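Structural features, examined
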Amino acid sequence: MAKASARHILVDSEQKCAELKSQIEGGSDFAEVAREHSSCPSGRKGGDLGTFGPGQMVREFDEVVFSAPLNEVQGPVKTQFGYHLLEVTERG
């Protein structure tokens, strides 16, 4: 079964999500931005979600995690929880 490791940042608006993505693309550290801005408890760990398989996360999340290139920030991705920036760190 496929597994992936990822980290994410969860915020409540698409605009905020896009602003944070620009900061990261401009050189800000993903983990620091997650600690400062993410509303998910994983933010305290720099957004780290650990390792998981297909179907363990919401569909929109899974679609990105199991198809996006590794180590590239994806998003904004809208789910029932808000807007996410995702970075797949490992997949196998």
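Described in the following lines is the structure provided in the data block. Computed from a predicted structure; not experimentally measured. (Residues numbered from 1 in each chain as written. Predicted model: local features only at pLDDT ≥ 70, side-chain atom pairs only at ≥ 80, totals over all residues. Heavy atoms only, no water.)

Below, the discussion takes up the pattern of salt bridges. Going through the model one piece at a time under the given rule, you end up with four salt bridges. When the shortest N-O distance is used, the salt bridge between Glu87 and Arg7 registers 2.5 Å. Note that Glu87 is positioned in strand β4 (residues 82-91) and Arg7 in strand β1 (residues 4-11), a separation of 80 residues in sequence. For Glu87, a relative accessible area of 8% corresponds to the buried category. Of the charged contacts in the structure, one is a salt bridge between Glu60 and Arg59, with a shortest N-O distance of 3.7 Å. Given the relative accessible area of 26%, Glu60 is considered partly exposed. The network of salt bridges with shared partners includes Arg59, Glu60 and Glu63. (Salt bridge = Lys/Arg side-chain N within 4 Å of Asp/Glu carboxyl O. Helix = DSSP H or I, 4+ residues; strand = E, 2+ residues; numbered from the N terminus. Buried < 20%, exposed > 50% of the residue type's maximum accessible area, 1.4 Å probe, protein only.)

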